[in-house]
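The primary structure of each chain is shown beneath.
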Amino acid sequence: DTLTLPANILRADGKVLRFTCWGTKSATNAAAVLEVQFAGVTLTTVQIQTSALRWIIHILYIRTGSNTQDWFLEAHNTADSATGCNGPSAQSEGSTRLDFGTDAETDTAAITHSIRNDGTGNASDTLVQEGRIVEILN
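The structure displayed is predicted, hence computed values, not measured ones.

Conventions and cut-offs
- Note on numbering: residues in each chain are counted from 1, in written sequence order.
- In view of the model being predicted, local features appear only for residues whose pLDDT reaches at least 70, and side-chain atom pairs are presented and counted only at 80 or more, with totals across whole chains, interfaces and linings using the full set of residues.
- Water and hydrogen atoms play no part in the side-chain values, which are based on all heavy atoms of the structure.
- When DSSP finds at least two bridges between two strands, those strands are taken to pair.
- Secondary structure elements are taken from DSSP: a helix is a run of H or I of four residues or more, a strand is a run of E of two residues or more, and numbering for both begins at the N terminus.
- Lines are fitted to the C-alpha atoms to define the axes, a helix being fitted only along its stretch in contact, and any angle between axes, read from their N-to-C directions, falls within 0 to 180 degrees.
- Buried means the residue's accessible area, taken with a 1.4 Å probe over protein chains only, is under 20% of the maximum for its type, while exposed means over 50%, and partly exposed covers the values in between.
- The contact criterion used throughout is that any non-hydrogen atoms of two residues lie within 4.5 Å.
- Each patch is assembled from residues with relative accessible area greater than 30% and no salt bridge, linking like charges that lie within 9 Å and nonpolar side chains (Val, Leu, Ile, Met, Phe, Trp, Tyr) that lie within 5 Å.
- Only the protein chains shown count as cover for residues, and all accessible areas are computed by the Shrake-Rupley method using a 1.4 Å probe.
- Here, a salt bridge means any Lys or Arg side-chain nitrogen found within 4 Å of an Asp or Glu carboxyl oxygen.
- What pLDDT reports is the predictor's confidence in each residue, on a scale of 0 through 100.

1. Points about the sheet that holds strand E2 (residues 16–25)
Taken together, five strands build an open sheet; the order of strands is E7-E6-E5-E2-E9 and the sheet is antiparallel. A strand with exactly one partner marks an edge of an open sheet, and here the two such strands are strand E7 (95–103) and strand E9 (127–136). Across this sheet, the average inter-strand angle for adjacent strands is 15°, counted without regard to direction. Here E2 runs beside strand E5 (residues 54–65); their pairing, made up of nine bridges, is antiparallel. Within E5, the residue paired with Phe 19 across the bridge is Ile 59.

Here it is in structure tokens:
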């Protein structure tokens, strides 16, 4: 699922976008990989563990100068079932990923954002993005 952000949304230094994306994996046959993309380019990847059935990704995307951005990602996945938490032990079955870097998107152009399955894993394990929230923080 690709979202197109309007041109000039990062019109000044210090503008921040916060993305919260979440979803599910349908089965536990194999690990899977999600690609975090801006303008069709993969900034980083997030592995969804074999046992994981739910995932969430938080991204901060900050303009630092003309056509330059910093980004920070925090991702979690867990073995919680689709019907609710399996109890206190379920949290320890998950994983966390932290990553950061830079990007160089043209501020005056529309910028696309997507979280996509890179095809890694078992074909029986469907990855679904259940939702996405995009916030303009300043």
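2. Here's the deal with unusual backbone geometry
Its identity as a non-glycine residue notwithstanding, Ala 39 has a phi of 55°, on the positive side. We classify Ala 39 as partly exposed; its relative accessible area is 36%. Despite not being glycine, Asn 67 has its phi angle at roughly 60°, a positive value. Looking at where Asn 67 falls in the secondary structure, it is placed in the loop between E5 and strand E6 (68–78).

3. Structural notes on the side chain of Thr 20
Tracing the backbone through its elements, the reader meets Thr 20 in strand E2. Overall, the relative accessible area of 12% leaves Thr 20 in the buried class. Apart from residues no more than four positions distant in its own chain, Thr 20 is found in contact with Ile 56, Ile 57, His 58, Gly 131, Arg 132 and Ile 133.

4. Observations concerning a nonpolar patch on the surface
A cluster of nonpolar residues, Phe 72, Leu 98 and Phe 100, forms a patch on the protein surface that exposes about 350 Å² of accessible area. In this structure, Leu 98 sits in strand E7. Accessibility expressed as a relative area gives 55% for Leu 98, which makes it exposed.

5. Here we look at the sheet that holds strand E8 (residues 111–117)
Within a sheet, each strand pairs with its neighbour through backbone hydrogen bonds, oriented either parallel or antiparallel. With antiparallel pairing, the four strands of this open sheet are ordered in space as E1-E8-E3-E4. Two strands lie at the open edges of the sheet, namely strand E1 (2–5) and strand E4 (41–48), each paired on one side alone. The sheet shows a mean angle of 15° between the axes of neighbouring strands, taken without regard to direction. Two strands pair when backbone bridges link them, and E1 and E8 are joined in this way by four bridges, in the antiparallel orientation.

6. Examining the confidence of the model for the chain
With 90% of its residues at a pLDDT of 70 or more, the chain shows a mean pLDDT of 87. Predicted confidence for residues 84–92 stays below pLDDT 50, and this span has 10 contacts to residues more than four positions away or in other chains.

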